[in-house]
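So the chains spell out like this:
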Amino acid sequence: MAARGHVQDPNDRRLRPIYDYLDNGNNKMAIQQADKLLKKHKDLHCAKVLKAIGLQRTGKQDEAFILAQEVATLEPTDDNSLQALTILYREMHRPELVTKLYEAAVKKVPLSEEYHSHLFMAYARVGEYKKMQQAGMALYKIVPKNPYYFWSVMSLVMQAISAQDEKLSQTMFLPLAERMVEKMVKEEKIEAEAEVQLYFMILERLGKCVEALEVIRGPLGEKLTSELQSRENKCMMLYQRLKRWPESNSLAHKLLLKNPDDWQFYSCYFDSLFYLIDQSWSPPEEGDHCPEGPVHHTVTEVVRFVEDRVKGEDGKDSRSLRGPYLARLELIHRLRERGCPEESLLGEPLELMVQFFGKFGDKPCCITDLKIYLHLLAPDQHVQFINLLSEAVPLGEQGEEGFAFPDDTKAMQRHLCVCQLSRAIGLHHALDVDGKLRLITELKAHYRYGLKFGKNAETGNDNYVWQSLGVLHEGLTLSPSNAQFKLLLLLVYCQLGAFEPVVDLYSSLDAKHVQHDTIGFLLTRYAESLGQFAAASQTCNFSLRFFHSNQKDAYKYGAFEKIPEFIALRNRLNQSLHFAQCRTERMLLDLFLEADIVLSLEESVKAMSLSPEEDDIPWDTMRDNRDLTVFTSWDPKDRMLTEEHRRRSLEEESVWLRLRSLTLRILASLADLGHTPSQQNSEKLNENGVGDKGSILSSLLSQLNQTLQTAAQIAEKPTQYPFLGPPSTRLAAALSTGSCQCQAAALQLSVHLQDLETAGLDESSELQTQICNGFKSLVVQLQEILNKCKGDVLEMKDSKLKTQPSLLENLIFFVETVCIVLWMASHCAKILRPLKTSLQKKKKKKKDTALLWYRFTLKSSSLTNMLPAVVCGFQELTGSVQELITQALDYIKNQETEITAIKLSGLSLEGPTEEEVSFAKAAMDKKRAETIKNLKI
């Protein structure tokens, strides 16, 4: 634990063993050691907190919190206790308690720079910008250092950024921040570059671009040295905002003379040109064109300038820069868009692109550079273009397989670029089946031949799917760091319904930080649907841990200009679709895995602190942060991912999330109905307008039914996504199996049961009939879902291995639905038990009136005839559900037996090499073993 290294305390020797146990993950021994120490030193508060940390890490959160609060109420001021409590509260995700801790500490030790600093950082974690401002100034008064003063200024800026009222931001917070900085400027106390950056940020947000320009071009701007051309970049941005196109053009052209490879300046140069043309701008007759120097305001001048840059590169002995050549293509593109005839001055795009390939075809970036300009070629030039490129690829003599291979890595890269460009313009897709198969054979041969160049480096038909697995596994074995191999393997395994290999593949990608938000969906989408409940819960928890972050280090190191970016990132993550999905699915998983008749639904919901009336998903501001282009694709434009695909995918994901969220909240509401609050809590609930639990449940069910209607409309028009596009949601499968509809019907019955509880058994014959019909309908729906699960998940047919992972997903939906039906049945039993007792008392029966709900299954015909209709219907429901569960278990056992009996030795795989067959069969064996394991789960 990091705190230990900073502690200068006589008790440090006594505490050291506890720290060591916690550092090594031995939490039980840490607790025992703390207990021993506390017996001898009862007032050693830090030992008590360290024990609380051990309890927290062993799942005893309530005990840990009680211990922590015992110490916190004493308002400790020793560094050991404060640091330990900070760590504990952070692990509890209760950063607001850290602020209270240091508020008390600075009151007792008002001149402590360290405690004031910790208090400021604690406020930063919870976004208390007003208090941050006050803490920063208090710290500056104690220790007058510039960073502390500017902490306070930055806190004002953050109040402006987060203010709901933009007027308040522009008239109070930012002007006050500006005055504070101007005071330091006048007193000549500005010391650091970060302080100038902050001043620039304030002026920029106030819209004072002229003043900001004066700062950047004045003495203060000389402090901007950490980034190359920082002053010039800011000047360029301000010129564009002020629409000073002559200055923008002149500065861009000067900067391109210094660095002809900087693409952002080409963009500014071209933008300013066309603005000047549109405004019919002309230079003054006398004097400079503008303060920055001469302006290129005609197409002819710009064409000449670009051509001069190209000639300068052509005449170099060293490696040419790509920028000027790409600038020429970009200018053609822009001129063509505007219908300008001057595009012909730059040459024919076909020839220019062939020239570019000749110079840079051996660079991996060549394909991405040229791909965005392929539209400049006419369709009848496509074949000619590829033929000309192929002529520039040096290949050796033909080998035994009939293919010519490159002699070195540069030739190999050129050949790869030609193949990628051929695919991008659609030539591969135009081939017939035989042509495509020959192309596949040729590309595989080139791949295997190309492997020899890396030997000295230091660093629809299931059969085809299995073959692709073999190729990818062979590739990954030979190139273990290739991320695209891993991603493609991950995708293919998920399509085949095998999840276990996916976990290792994803881990090997070593995803960092925000990547858990952008590519985490590749893992979470399939984990639960393929029966990996524990792995799914773990995956969600792993992703959720990432979403807890803060921006305190930006203050600590004075990177003020980065703080708004950190806040924007935090907001982006809080509004993330993937974040909401992980939270919702994790809680549903916890219920499905833990909540049963022994550990009641009420107890599970209480442990999660679920509140049915609160919807904390930001539907209106939700962001889709998924990286849907993580797979490298060289497909032509008509086969690429489109904005419509993205929109439809987000729509489907949002509707599926809403269904799952509503299901979770309804289950929480169902649990809430079985919990009777104290009178004080009841009064509080009524004051807040949420006291009627039945109305909350009805409202949620109404929302669920509306969402189901929306989902059905989406399912009627399914979207076909590209293979390398977003994975389909579970929505279509959930609807086609009838799982969503059955769950909604089961949850709807809980409302009728509440009505029955109000009416009583003796005056509700019509309602009882309605409920009994609902019970029967549930059994029919469950049987239909189970029927859609039946079939061979994995089978050998005609010496070929076939998979049906959809059957496994259907089985998961059946299990989830049975869970919800059983929770409804448990709720039903709690209602019927007292109603039955009350009815028996009214009829003055001498029978035992304390029979439990599961005793309703007695075979006595005389007793059955005496029972109300709803009780008999409930008895039939429980018996039928038990029979369905038995059917499901028999089917699973039968599948397990059949899959175990599959002999892979009889497998027929045509075409691939022996190595590929070996890898493919190994993949099949993994799939078979995992399927058996999933069925057992």
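Here is what the cut-offs are and how they apply
Residues numbered from 1 in each chain as written. Predicted model: local features only at pLDDT ≥ 70, side-chain atom pairs only at ≥ 80, totals over all residues. Heavy atoms only, no water. Helix = DSSP H or I, 4+ residues; strand = E, 2+ residues; numbered from the N terminus. Areas by Shrake-Rupley, 256 points an atom, 1.4 Å probe, with all protein chains shown as cover. Expected span 1.5 Å × (residues − 1). Buried < 20%, exposed > 50% of the residue type's maximum accessible area, 1.4 Å probe, protein only. Contact = heavy atoms within 4.5 Å. Phe/Tyr/Trp six-rings, centres within 6.5 Å; stacked < 30°, edge-to-face > 60°. pLDDT = per-residue confidence, 0-100. Axes fitted to C-alpha atoms, helices over the stretch in contact; angles between N-to-C directions. Parallel < 35°, antiparallel > 145°, perpendicular 65-115°, else oblique. Left-handed = near helix turned anticlockwise from the far one by under 90°. Polar contact = N/O pair within 3.5 Å; in protein donor to acceptor, adjacent residues only side chain to side chain. Salt bridge = Lys/Arg side-chain N within 4 Å of Asp/Glu carboxyl O. Nonpolar A, V, L, I, M, F, W, Y, C, P; charged D, E, K, R; others polar. Patch = residues over 30% accessible without salt bridge, like charges linked within 9 Å, V, L, I, M, F, W, Y side chains within 5 Å.

**Structural notes on the overall build of the protein**
And step 1. On a plain count of helices and strands, the protein comes out with 42 helices and four strands.
And step 2. By element, 50% of the accessible surface of the protein is carried by carbon and sulfur atoms, the whole surface being about 45,900 Å².

**Examining helix H35 (residues 693–716)**
And step 1. An ideal rise of 1.5 Å per residue puts 34 Å on 24 residues; H35 measures up with 35 Å between its terminal C-alpha atoms.
And step 2. Every buried residue belonging to H35 is among Lys693, Ile696, Leu697, Leu700, Leu701, Leu704, Thr707, Leu708, Ala711 and Ile714, and all of these are buried.
And step 3. On its buried side, H35 packs onto helix H33 (643–673), helix H36 (731–737) and helix H37 (739–759).

**Here's the deal with the packing of aromatic side chains**
And step 1. Per the stated rule, a full pass over the model turns up 17 aromatic pairs.
And step 2. Geometrically, the ring pair formed by Tyr148 and Trp151 is edge-to-face, given 5.1 Å between the ring centres and 65° between the ring planes. Here the residue Tyr148 and the residue Trp151 both occupy positions in helix H9 (residues 146–162), the gap between them amounting to three residues, near one helical turn. Residue Tyr148 shares its accessibility class with Trp151, and that shared class is buried.
And step 3. Aromatic rings pair up to connect Trp263, Tyr266, Tyr269, Phe270 and Phe305 into one cluster.

**Describing the confidence of the model for the protein**
And step 1. In this model, the protein carries a mean pLDDT of 82, and residues with pLDDT of at least 70 account for 84%.
And step 2. For the protein, the element scoring lowest by mean pLDDT is helix H34 (residues 679–687), at 40; helix H17 (residues 323–337) scores highest, at 95.
And step 3. Across residues 1–7, confidence stays below pLDDT 50; counting only partners more than four residues off in sequence or on other chains, it has 17 contacts.
And step 4. Segment residues 845–864 is flagged for pLDDT under 50; beyond a separation of four residues in sequence, or across chains, it makes 24 contacts in the model.

**So, the packing of helix H15 (residues 263–278) against H17**
And step 1. Running from amino to carboxyl end, H15 crosses H17 at an angle of 30°, the nearest separation of the two axes being 11 Å. Between H15 and H17, the angle is such that the two are roughly parallel. Every pair of crossing elements has a handedness; the one defined by H15 and H17 is right-handed. Where H15 abuts H17, its residues Trp263, Tyr266, Ser267, Phe270, Asp271 and Phe274 lie against Gly323, Pro324, Leu326, Ala327, Glu330, Leu331, Arg334 and Leu335.

**Topic: the side chain of Asp369**
And step 1. Within the secondary structure layout, Asp369 lies in helix H19 (residues 365–371).
And step 2. Classification of Asp369 by relative accessible area gives buried; the value is 9%.
And step 3. At a separation of 2.8 Å, a polar atom in the side chain of Asp369 contacts the side chain of Arg322.
And step 4. Once residues within four sequence positions are removed from consideration, Asp369 is found in contact with Arg322, Leu326 and Phe356.

**Notes on the pattern of salt bridges**
And step 1. What the rule picks out here adds up to 33 salt bridges.
And step 2. The salt bridge involving Glu187 is made with Lys183; its shortest N-O contact spans 3.2 Å.
And step 3. Here Lys183 falls in the partly exposed class, since its relative accessible area comes to 41%.
And step 4. Measuring nitrogen to oxygen at the nearest pair gives 3.6 Å for the salt bridge that ties Glu651 to Arg648. Placement of the pair is Glu651 and Arg648 together in helix H33, with a separation of three residues, close to one helical turn.
And step 5. Several salt bridges share partner residues, and in doing so they unite Arg525, Glu585, Arg660, Arg730, Glu809 and Glu816 into one network.

**Considering helix H14 (residues 245–258)**
And step 1. Compared with an ideal rise of 1.5 Å per residue, which puts 14 residues at 20 Å, H14 spans 20 Å between its outermost C-alpha atoms and is within 8% of the ideal.
And step 2. When you tally the buried positions in H14, you get 11 out of 14 residues, the bulk of the element.
And step 3. For H14, the complete set of buried residues consists of Trp245, Pro246, Glu247, Ser248, Asn249, Ser250, Leu251, Ala252, His253, Leu255 and Leu256.
And step 4. Among the structural elements, helix H13 (230–241), H15 and helix H16 (299–314) are those in contact with the buried residues of H14.

**Comments concerning the packing of H15 against H16**
And step 1. One can describe the packing of H15 onto H16 by two numbers: an axis separation of 10 Å at closest approach and a directional angle of 165°. Classified by the angle their axes make, H15 and H16 are roughly antiparallel. Both H15 and H16 take part in a crossing whose hand is left-handed. Listed contacts from H16 to Tyr266, Tyr269, Phe270, Leu273 and Ile277 of H15 are Val299, Glu301, Val302, Phe305, Val306 and Arg309.
And step 2. Tallied by class, the residues present in the contact of H15 with H16 amount to nine nonpolar, no polar and two charged.

**Some thoughts on a nonpolar patch on the surface**
And step 1. On the surface, Val433, Leu437, Ile440 and Tyr464 cluster together to form a nonpolar patch covering roughly 380 Å² of accessible area.
And step 2. Examining the composition of the nonpolar patch, we find that three residues originate from one element, helix H22 (residues 433–450), more than from any other.
And step 3. On the secondary structure map, Tyr464 appears in helix H23 (residues 462–478).

**Some points on the side chain of Arg665**
And step 1. Relative to the helices and strands, Arg665 is located in helix H33.
And step 2. Classification of Arg665 by relative accessible area gives buried; the value is 10%.
And step 3. Residues within four places of Arg665 in sequence aside, it is in contact with Pro612, Glu613, Glu614, Asp615, Leu700 and Gln703.

**Observations concerning the environment of His41**
And step 1. Inspection of the secondary structure assignment puts His41 in the loop between helix H2 (27–40) and helix H3 (45–57).
And step 2. Exposure remark for His41: the relative accessible area of 28% places this residue in the partly exposed category.
And step 3. At 3.4 Å, the side chain of His41 forms a polar contact with the side chain of Arg14.

**Focus on the environment of Gln61**
And step 1. Tracing the backbone shows Gln61 in helix H4 (residues 61–72).
And step 2. A relative accessible area of 40% places Gln61 in the partly exposed class.
And step 3. Setting aside residues up to four positions removed in sequence, Gln61 forms contacts with Gln56 and Met92.

**A few points about unusual backbone geometry**
And step 1. For His93, which is not glycine, the phi dihedral falls at a positive 60°.
And step 2. Along the chain, the position of His93 falls in the loop between helix H5 (79–91) and helix H6 (95–108).
And step 3. Here the phi dihedral of Ser280 falls at roughly 50°; this positive angle occurs in a residue that is not glycine.
And step 4. Topologically, Ser280 is positioned in the loop between H15 and H16.
And step 5. Judged by relative accessible area, Ser280 falls into the exposed class, the value being 63%.

**Structural notes on the environment of Leu251**
And step 1. In this structure, Leu251 sits in helix H14.
And step 2. Non-local contacts of Leu251, meaning those with residues more than four positions away in its chain, are made with Glu232, Cys235, Met236, Tyr239 and Glu292.

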